[in-house]
Amino acid sequence: MTTNCNLTIYNRKINPETRKYEYTRTFLEGVHWHTDQKTNVGDKGLVSADVIKVRIPMEDRKGYISPEQYKTLEYGAHRDCWTVENGDLIIRGEATGEIEKESDVVRLGAVKVISHSENMTGTAPHIRIGGSS
């Protein structure tokens, strides 16, 4: 699989004490990021949005666990791994800061994960992410 950039993913998990989402940052090198602009004419005129498609090759990816496994982890144990779930945030390139809420990274061009799938069979196992900005 051809790769063209690096990626930062912010996984979210509810803190049981505050009952608010907290985000854990993971930097991944060597992913494929594609942006396609979609337009539509509707009742409100011309509307456009960037549709993001990301593929993360899974060869030698340490720390990845499935979303189902991530949900079962106790709070705190999740910091040693990463996953991809709807609602997570991704940024093209390396983001260096921690965030407290979603709006902290939206201004940096973050994309919310709206779809994902694990494609682990075949010659190029990968995770596919869909998002929109």
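Residue indices follow the written sequence of each chain, beginning from 1 at its first position. The predicted nature of this model means local features are confined to residues of pLDDT at least 70 and side-chain atom pairs, given and counted, to a pLDDT of 80 or more, with totals for whole chains, interfaces and linings taken over all residues. As a rule here, side-chain values come from all non-hydrogen atoms in the structure, and water together with hydrogens is ignored.

Visitor: For this particular structure, what's the right way to read the pairing of strand S3 (residues 45–57)?
Guide: Look at any regular strand and the pattern is simple: side chains alternate between the two faces of the sheet. Here strand S2 (residues 21–42) runs beside S3; their pairing, made up of 11 bridges, is antiparallel. Within S3, the residue paired with His32 across the bridge is Arg55. Paired strands are those between which DSSP finds at least two bridges. Secondary structure counts use DSSP, requiring at least four H or I residues in a row for a helix and at least two E residues in a row for a strand, with both numbered from the N terminus. With seven bridges joining them, S3 and strand S6 (residues 126–132) adopt antiparallel strand pairing. Of the residues in S6, the one forming a bridge with Ile52 is Gly131.

Visitor: Just checking my understanding: could you explain unusual backbone geometry for this structure?
Guide: Backbone phi values are negative for most residues with the exception of glycine, while trans is the configuration of most peptide bonds. Even without being a glycine, Arg19 presents a positive backbone phi close to 60°. Within the element layout of this structure, Arg19 appears in the loop between strand S1 (5–14) and S2.

Visitor: What exactly am I supposed to notice about the sheet that holds S3 here?
Guide: In any sheet, the strands associate via hydrogen bonds between backbone groups, in a parallel or an antiparallel arrangement. Taken in spatial order, the six strands close into a barrel running S1-S2-S3-S6-S5-S4, and their pairing is antiparallel. Across the sheet, the mean angle separating the axes of adjacent strands is 45° when strand polarity is ignored. Pairing analysis gives two bridges linking strand S4 (residues 89–92) to strand S5 (residues 111–119), with the strands arranged antiparallel. What sits directly across from Leu89, in S5, is Lys112. Axis geometry follows a simple rule: fit a line to the C-alpha atoms, using only the stretch in contact for helices, then measure angles between N-to-C directions, giving values from 0 to 180 degrees.

Visitor: Please explain the nonpolar core as it appears in this structure.
Guide: Considering soluble globular proteins, one finds that nonpolar side chains tend to be buried as a cluster. Remark: nonpolar core denotes a set of buried residues (Ala, Val, Leu, Ile, Met, Phe, Trp, Tyr, Cys) joined through side-chain atoms within 4.5 Å. Only protein chains enter the area calculation, which uses a 1.4 Å probe; residues under 20% of their type maximum are buried, those over 50% are exposed, and those in between are partly exposed. Val54, Ile56 and Ile90 are the most contacted members of the largest nonpolar core, which has 18 residues in total. Those elements that place two or more of their residues in this core are S1, S2, S3, S5 and S6. It only takes one pair of heavy atoms within 4.5 Å for two residues to be counted as in contact. Apart from the residues lying within four places of it in its own chain, the contact partners of Ile56 are Leu7, Leu28, Val31, Arg61, Trp82, Val84, Pro125, His126, Ile127 and Ile129.

Visitor: Looking at this model, I keep getting lost on the environment of Asn4. Mind explaining?
Guide: In this fold, Asn4 is placed in the segment before S1. Judged by its relative accessible area of 39%, Asn4 falls in the partly exposed class. Considering only alpha carbons, one finds Asn4 and Trp33, 29 residues apart in sequence, at a separation of 6.6 Å. Among residues more than four places away in sequence, those in contact with Asn4 are Val31, His32, Trp33 and Arg92. The definition of a polar contact used here is a pair of N or O atoms within 3.5 Å, where within protein one atom must be able to donate a hydrogen and the other to accept one, and adjacent residues in sequence count solely through side-chain atom pairs. For Asn4, the side chain forms a polar contact with the main-chain nitrogen of Trp33, separated by 2.9 Å.

Visitor: Would you mind showing me how to read the pattern of salt bridges here?
Guide: Pairing is possible between side chains of opposite charge, provided their charged atoms come close. By convention in these notes, a salt bridge is any Lys or Arg side-chain nitrogen within 4 Å of a carboxyl oxygen on Asp or Glu. Tallying each qualifying case throughout the model produces two salt bridges. Residues Asp36 and Lys38 are paired through a salt bridge, measuring 3.2 Å at the closest nitrogen-oxygen approach. Residue classification places Asp36 among the partly exposed positions, given a relative accessible area of 28%.

Visitor: Please clarify how the packing of aromatic side chains should be interpreted in this entry.
Guide: Ring pairs (aromatic) are described by centroid distance and by the angle formed between their planes. Pairs were defined over the aromatic rings of Phe, Tyr and Trp, the Trp ring being its six-membered one, requiring ring centres within 6.5 Å. Orientation was assigned from the angle between planes: stacked under 30 degrees, edge-to-face over 60, tilted for the rest. Under the definition given, this model contains one aromatic pair. Relative to Trp82, the ring of Tyr64 lies with its centre 4.9 Å away and its plane at 65°, an arrangement referred to as edge-to-face. Here Tyr64, found in the loop between S3 and helix H1 (67–72), pairs with Trp82, found in the loop between H1 and S4; they are 18 residues apart in sequence, far enough to count as distant. Accessibility assignment for this pair places Tyr64 and Trp82 in one class, buried. Positioned over the ring face of Tyr21 is Arg12, at 4.2 Å from the centre of the ring. When the NZ atom of lysine or the CZ atom of arginine is within 6 Å of a ring's centre and also within 35 degrees of its normal, the charge is said to sit over that ring.

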